[in-house]
Amino acid sequence: MHKTRKPRIRIQAYGPSNSAKELSRYLNIRRLRSNPSSTRFKGRISDIIINWGIPKTIHCSRYINPIDSVRVAACKLQCLNNLSRAGISIPDFTVSKPTEGKWVARTILNANSGVGAIVAEASELPNAPLYTKYIPKDAEFRVIVVDGEVVDAKQKLKRRDFEGERQPYIWSCDNGYVMARQVDIPDNITQLGVDAVNALGLIIGAVDIIVKDNTAYVLEINSAPGLAGTTIELVGDAIAKYIRGL
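Residues numbered from 1 in each chain as written. Predicted model: local features only at pLDDT ≥ 70, side-chain atom pairs only at ≥ 80, totals over all residues. Heavy atoms only, no water.

## Notes on the overall build of the protein
Across its full length, the protein holds five helices and 13 strands. Relative to its length of 246 residues, the protein is compact, with a C-alpha radius of gyration of 19 Å against a globular reference of 18 Å. Principal-axis analysis of the C-alpha atoms gives the protein an extent of 70 × 40 × 35 Å. Burial status across the protein gives 48% buried among its 246 residues. Look at the contacts in the protein between residues 6 or more apart in sequence, and 59% of them connect residues 24 or more apart. Summing over all exposed atoms, the protein offers an accessible surface of approximately 13,400 Å²; the carbon and sulfur share of this is 47%. If the 34 positive side-chain charges of the protein are averaged to one point and the 24 negative ones to another, these points end up 13 Å apart. (Helix = DSSP H or I, 4+ residues; strand = E, 2+ residues; numbered from the N terminus. Rg over C-alpha atoms; globule rule 2.2 N^0.38 Å. Buried < 20%, exposed > 50% of the residue type's maximum accessible area, 1.4 Å probe, protein only. Contact = heavy atoms within 4.5 Å. Areas by Shrake-Rupley, 256 points an atom, 1.4 Å probe, with all protein chains shown as cover. Lys, Arg positive; Asp, Glu negative; His and termini not counted. Charge placed at Lys NZ, Arg CZ, Asp CG, Glu CD.)

## Let's talk about the side chain of Asn65
For Asn65, the position within the fold is in the loop between β4 (62–64) and α2 (67–74). On the basis of relative accessibility, which here comes to 0%, the residue Asn65 falls in the buried class. Engagement of the side chain of Asn65 in a polar contact is seen with the backbone nitrogen of Ile204, the distance being 2.6 Å. When residues no more than four places from it in sequence are discounted, the contact partners of Asn65 are Asn51, Val70, Leu202, Ile203, Ile204 and Ser223. (Polar contact = N/O pair within 3.5 Å; in protein donor to acceptor, adjacent residues only side chain to side chain.)

## Here we look at the pattern of salt bridges
This model, assessed by the stated rule, comprises ten salt bridges. As a salt-bridge pair, Arg71 and Asp68 come within 2.9 Å of each other at their nearest N and O atoms. With Arg71 and Asp68 both in helix α2 and three residues apart, the pair spans about one turn of that helix. On the basis of relative accessibility, which here comes to 35%, the residue Arg71 falls in the partly exposed class. Residue Lys76 is joined to Glu220 by a salt bridge in which the shortest nitrogen-to-oxygen separation is 3.0 Å. Note that Lys76 is positioned in helix α3 (residues 76–85) and Glu220 in strand β13 (residues 215–222), a separation of 144 residues in sequence. With respect to class, Lys76 is no different from Glu220; both count as buried. (Salt bridge = Lys/Arg side-chain N within 4 Å of Asp/Glu carboxyl O.)

## Digging into the sheet that holds strand β8 (residues 130–133)
Taking strand neighbours across the sheet as the criterion, the four strands line up as β5-β8-β6-β7 in an open arrangement whose pairing is antiparallel. Lying at the two open borders of the sheet, with one neighbouring strand each, are β5 (93–94) and β7 (117–121). (Pairing = 2+ DSSP bridges.)

## Brief notes about the sheet that holds strand β1 (residues 9–13)
With respect to topology, four strands assemble into an open sheet ordered β2-β1-β3-β4, the strand pairing being parallel. On the outer flanks of this sheet lie β2 (30–32) and β4, each paired with one strand and no other. Across the sheet, the axes of successive neighbouring strands diverge by a mean angle of 35 degrees, strand direction being ignored. For β1 and β2, the ladder comprises three bridges, and the chain directions are parallel. Residue pairing in the sheet places Gln12 in a bridge with Leu32 of β2. This element, helix α5 (residues 230–244), spans β1, β3 (48–52) and β4 of the sheet and lies at about 145 degrees to β3. (Axes fitted to C-alpha atoms, helices over the stretch in contact; angles between N-to-C directions.)

## Thoughts on the packing of α3 against helix α4 (residues 187–200)
Closest axis-to-axis distance for the α3/α4 pair is 9 Å, and the angle between their directions is 110 degrees. Relative to α4, the element α3 lies roughly perpendicular. Counted together, Cys79, Asn82 and Leu83 of α3 and Ala196, Ala199 and Leu200 of α4 form the full contact between these two elements. Partitioning the contact of α3 with α4 into residue classes produces five nonpolar, one polar and no charged. (Parallel < 35°, antiparallel > 145°, perpendicular 65-115°, else oblique. Nonpolar A, V, L, I, M, F, W, Y, C, P; charged D, E, K, R; others polar.)

## So, the nonpolar core
Leu83, Ile189, Leu200, Ile209, Val218 and Ile221 are the most contacted members of the largest nonpolar core, which totals 31 residues. Elements represented by at least two residues in this core include exactly α2, α3, β9 (139–146), α4, β12 (204–212) and β13. Here Val218 is in contact with Leu83, Ile88, Ser89, Ile90, Pro91, Leu192, Ala196, Val207, Asp208 and Ile209, once residues within four sequence places are set aside. If you look at the next biggest cluster of nonpolar residues, it comprises 23 residues, including Ala20, Ile29, Ile144 and Val151. (Core = buried A, V, L, I, M, F, W, Y, C linked by side-chain atoms within 4.5 Å.)

Structure below.
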């Protein structure tokens, strides 16, 4: 009679990731290098690998998140196409250069945090593989979902002590904004986050959502979100619960 092997649980990131490092510490599991040639770990079918943004299969193990879903989330165009087919509220988008209005040129499809995003009037837009309609947002939220449940939700608010010039398009810490958990997040925002993650077939996803005139729009979904403080515990506990149920 063959002895059943106990699954080994690991976390593997697309590259250097403080969030993956902190999660590995919190969950007391080892990290794997993203380059298979630089590790002696030989994955088994019984193993479970927490996939922190890896878009390709490296080991013959069970991946959380699914490889194909991570690949779609990482590509802005594929992500929007899938969300559109699922009926998720997103900004208008096109692959042809617009002729009027203000748009966001996405010069890099596999980027986040505003990298490669250029906001301009149609006449000044550069050539790009994707254009999304610019929406002057009233509010911005981030919803983190694990296994179909919201484990953390925050709103971006202006830092009161910020003395620099606020960039109107990208609301980041460097531009004078902070993520605030102690606010009331509308139910439609959290539900939209769950629906968006489910639409891509992800287990873990952080959804960036903006609101304009009471209408919410999903901008992107990150399968390897930045985590800090209490969020590490919230996400870590939810992942551990999911794995226990496998």
